[in-house]
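Coordinates in review
Below, each chain spelled out in residue letters.
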Amino acid sequence: MEMKYRAENRQLTIRLSGELDHHAAKDLMDSIDRLLEQNLPVKTFLDMEGLTFMDSSGIAVVLRAKRRMEALSGSLVVINIPRQAARVLETAGLNRYVELV
Amino acid sequence: MKPKTTNYIVFECLSRSANEAFARGAVACFAAQLDPTLEELGDIKTAVSEAVTNAIVHAYPDTLGRIVVRARVLEEDILEISVRDWGRGIPDVKQARQPLFTTGGEERSGMGFTIMESFMDSLTVRSVQGKGTRVTMSRRIKPRRTGQ
Ligand SMILES: Nc1ncnc2c1ncn2[C@@H]1O[C@H](COP(=O)(O)OP(=O)(O)O)[C@@H](O)[C@H]1O
Ligand SMILES: [Mg+2]
């Protein structure tokens, strides 16, 4: 699991690549928390294009990032979701809570 | 009548989270002989990841324990996977299988069983408190015509 980010004009883009499972999720959550605290974005894009695998641990990551963004009065958008990850997010009905593009 | 087993693998691992990737990868390699589509393979990997993660996270919360994974081919085209642990068990399986039910706090989503259920054709959970849990799931891989 790898994470890269770009921040400008209080807009943050977080790019994920590799496999997002429970093993990877804990560190990733901590990293995202830290990024949000440092940058205080009003809008965060979580870019999943590079994900080769994601299980339900990814749902917890997305929901947590969403809650943190709401606490900052901002919003989260999940973009470029690969097919396998999309199936996991859809099964969880996440499209009702988070903007998935 | 009992279905005929045409092939199987069994492996045991310690409940370390680094083994999640190994377990789903090993089962996916084994499943390849059924010539699944990429989507079927993704579903199988996801379901295995959920079951093995549960054994790692919930069965052995503060110890390391044994996990045994078995994958079988039944009747030529059915993949059956079982994940077994000797951990603390599930007090109420019906409740545990409900969407969003979790004892794992903010780090878990409570969607593991729901995903296993919807990505596989069948899911059976047998658990005895203090003794352990066995999750068995199966999926028929539709034979495809090759060489076109
Ligand atoms: N192998 C297991 N041993 C003990 N408890 C388990 C096991 N698998 C699942 N559980 C219980 O069932 C609940 C629901 O599991 P699941 O649907 O995968 O959601 P999550 O893992 O996100 O909590 C868990 O929170 C846990 O309480
Ligand atoms: Mg789970």
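Please refer to the structure placed before this passage.
The shown structure was predicted, so the numbers you read here are calculated from the model rather than taken from an experiment.

**What about the site of ligand 1?**
All names here are of chain B. If you check the shell around ligand 1, you find 18 residues, and the closest are Asn54, His58, Thr102, Thr103 and Gly110. Here an oxygen atom of ligand 1 sits 2.7 Å away from a polar atom, N or O, in the side chain of His58. Within the complex, 97% of the 540 Å² of free accessible area of ligand 1 lies under protein. Using a 2 Å cut-off from the grid points, one finds that ligand 1 occupies the largest pocket. Contributions of two or more residues to the shell around ligand 1 are made by helix 2 (38-59) and helix 4 (112-119). A total of four residues in the shell around ligand 1 trace back to one element, the largest contributor, which is helix 2. A breakdown of the residues in the shell around ligand 1 according to their chemical character gives seven nonpolar, nine polar and two charged.

**A few points about the pairing of strand 3 (residues 78-85) of chain B**
Residue and element names in this part refer to chain B. Of all eight residues making up strand 3, six are buried, and the element is well covered by its neighbours. For strand 2 (residues 66-74) and strand 3, the ladder comprises eight bridges, and the chain directions are antiparallel. Residue pairing across strands places Ile67 opposite Asp85, the latter belonging to strand 3. If you look at the hairpin formed by strand 2 and strand 3, you'll find three residues sitting between the two strands, and Glu75 has a positive phi there, around 50°. Two strands pair when backbone bridges link them, and strand 3 and strand 5 (residues 132-140) are joined in this way by eight bridges, in the antiparallel orientation. Residue Leu79 lies in a different strand from strand 5, and its bridge partner there is Arg139.

**Thoughts on the sheet that holds strand 3 (residues 43-54) of chain A**
All names here are of chain A. The mixed open sheet is built from five strands, whose spatial order is 1-2-3-4-5. Looking at strand neighbours, the two that pair on one side only are strand 1 (2-8) and strand 5 (99-100), the edges of this open sheet. Strands strand 3 and strand 5 of the sheet are contacted by helix 3 (residues 83-91), whose axis makes an angle of about 115° with strand 3.

**Notes on the interface of chain A and chain B**
The interface of chain A with chain B comprises 22 residues on the first partner and 25 residues on the second. Both faces combined, the contact of chain A with chain B buries some 2000 Å², and carbon together with sulfur accounts for 48% of it. Summed over the shared surface of chain A and chain B, the number is eight salt bridges. Arg67(A) is paired through a salt bridge with Glu106(B); the nearest N and O atoms lie 2.8 Å apart.

**Some remarks on the sheet that holds strand 5 of chain B**
Consider a sheet: its strands pair through backbone hydrogen bonds, and that pairing is either parallel or antiparallel. Residue and element names in this part refer to chain B. With respect to topology, five strands assemble into an open sheet ordered 1-2-3-5-4, the strand pairing being antiparallel. What marks the edges here is a single partner per strand, and that holds for strand 1 (5-14) and strand 4 (122-128). Neighbour to neighbour, the strand axes of the sheet diverge by 10° on average, direction disregarded. In this sheet, strand 2 lies alongside strand 1 in antiparallel orientation, the contact comprising nine bridges. Across the sheet, the residue bridging to Asn7 is Val73, located in strand 2. Contacts from helix 1 (residues 19-31) reach strand 1, strand 2 and strand 3 within the one sheet, and its direction differs from that of strand 1 by about 170°.

**Remarks on the environment of Arg10(A)**
Residues and elements named next belong to chain A. Assignment of secondary structure puts Arg10 in the loop between strand 1 and strand 2 (11-20). The class for Arg10 is partly exposed, based on a relative accessible area of 48%. Each C-alpha atom, one on Arg10 and one on Thr44, is 8.6 Å from the other, the two residues being 34 residues apart in sequence. At 2.8 Å, the side chain of Arg10 forms a polar contact with the backbone oxygen of Leu40.

**Quick look at the nonpolar core**
The biggest cluster of nonpolar side chains holds 34 residues, and the ones touching the most others in it are Ile44(B), Ile81(B) and Met137(B). If you list the elements that add at least two residues to this core, you get strand 1, helix 1, helix 2, strand 2, strand 3, helix 4, strand 4 and strand 5 of chain B. At eight residues, the largest contribution of residues to this core is made by helix 2 of chain B. The residues touching Met137(B), leaving out its near neighbours within four places in the chain, are Ala47(B), Val48(B), Ala51(B), Leu79(B), Glu80(B), Ile81(B), Met116(B), Met120(B), Ser122(B) and Leu123(B). Grouped together as the second largest cluster of nonpolar side chains are 31 residues, Met29(A), Met54(A), Ile59(A) and Ala60(A) included.

**Observations concerning the layout of surface pockets**
All names here are of chain B. Put simply, the largest pocket is a space of about 500 Å³. Taken together, 28 residues form the lining of the largest pocket, with His58, Ile90, Ala96, Thr103 and Phe113 sitting closest to its centre. Going through the elements one at a time, helix 2, strand 3, helix 3 (93-96), helix 4 and strand 5 are the ones with two or more residues in the lining of the largest pocket. Of all the elements, helix 2 adds the most residues to the lining of the largest pocket, at six residues. For the lining of the largest pocket, the residue count by class is 12 nonpolar, 11 polar and five charged.

Criteria and cut-off values
- Residues numbered from 1 in each chain as written.
- Chains lettered and ligands numbered in written order.
- Predicted model: local features only at pLDDT ≥ 70, side-chain atom pairs only at ≥ 80, totals over all residues.
- Heavy atoms only, no water.
- Near = heavy atom within 4 Å.
- Polar contact = N/O pair within 3.5 Å; in protein donor to acceptor, adjacent residues only side chain to side chain.
- Areas by Shrake-Rupley, 256 points an atom, 1.4 Å probe, with all protein chains shown as cover.
- 1 Å grid on protein atoms, 1.4 Å probe; cavity = no way out; pocket = protein on both sides within 12 Å on 5 of 7 lines; lining within 4 Å.
- Sits in = over half its atoms within 2 Å of the grid points.
- Helix = DSSP H or I, 4+ residues; strand = E, 2+ residues; numbered from the N terminus.
- Nonpolar A, V, L, I, M, F, W, Y, C, P; charged D, E, K, R; others polar.
- Buried < 20%, exposed > 50% of the residue type's maximum accessible area, 1.4 Å probe, protein only.
- Pairing = 2+ DSSP bridges.
- Contact = heavy atoms within 4.5 Å.
- Axes fitted to C-alpha atoms, helices over the stretch in contact; angles between N-to-C directions.
- Buried area = accessible area lost by both parts, 1.4 Å probe.
- Salt bridge = Lys/Arg side-chain N within 4 Å of Asp/Glu carboxyl O.
- Core = buried A, V, L, I, M, F, W, Y, C linked by side-chain atoms within 4.5 Å.
- Points joined across faces, edges and corners; volume = space filled by probe spheres on them.

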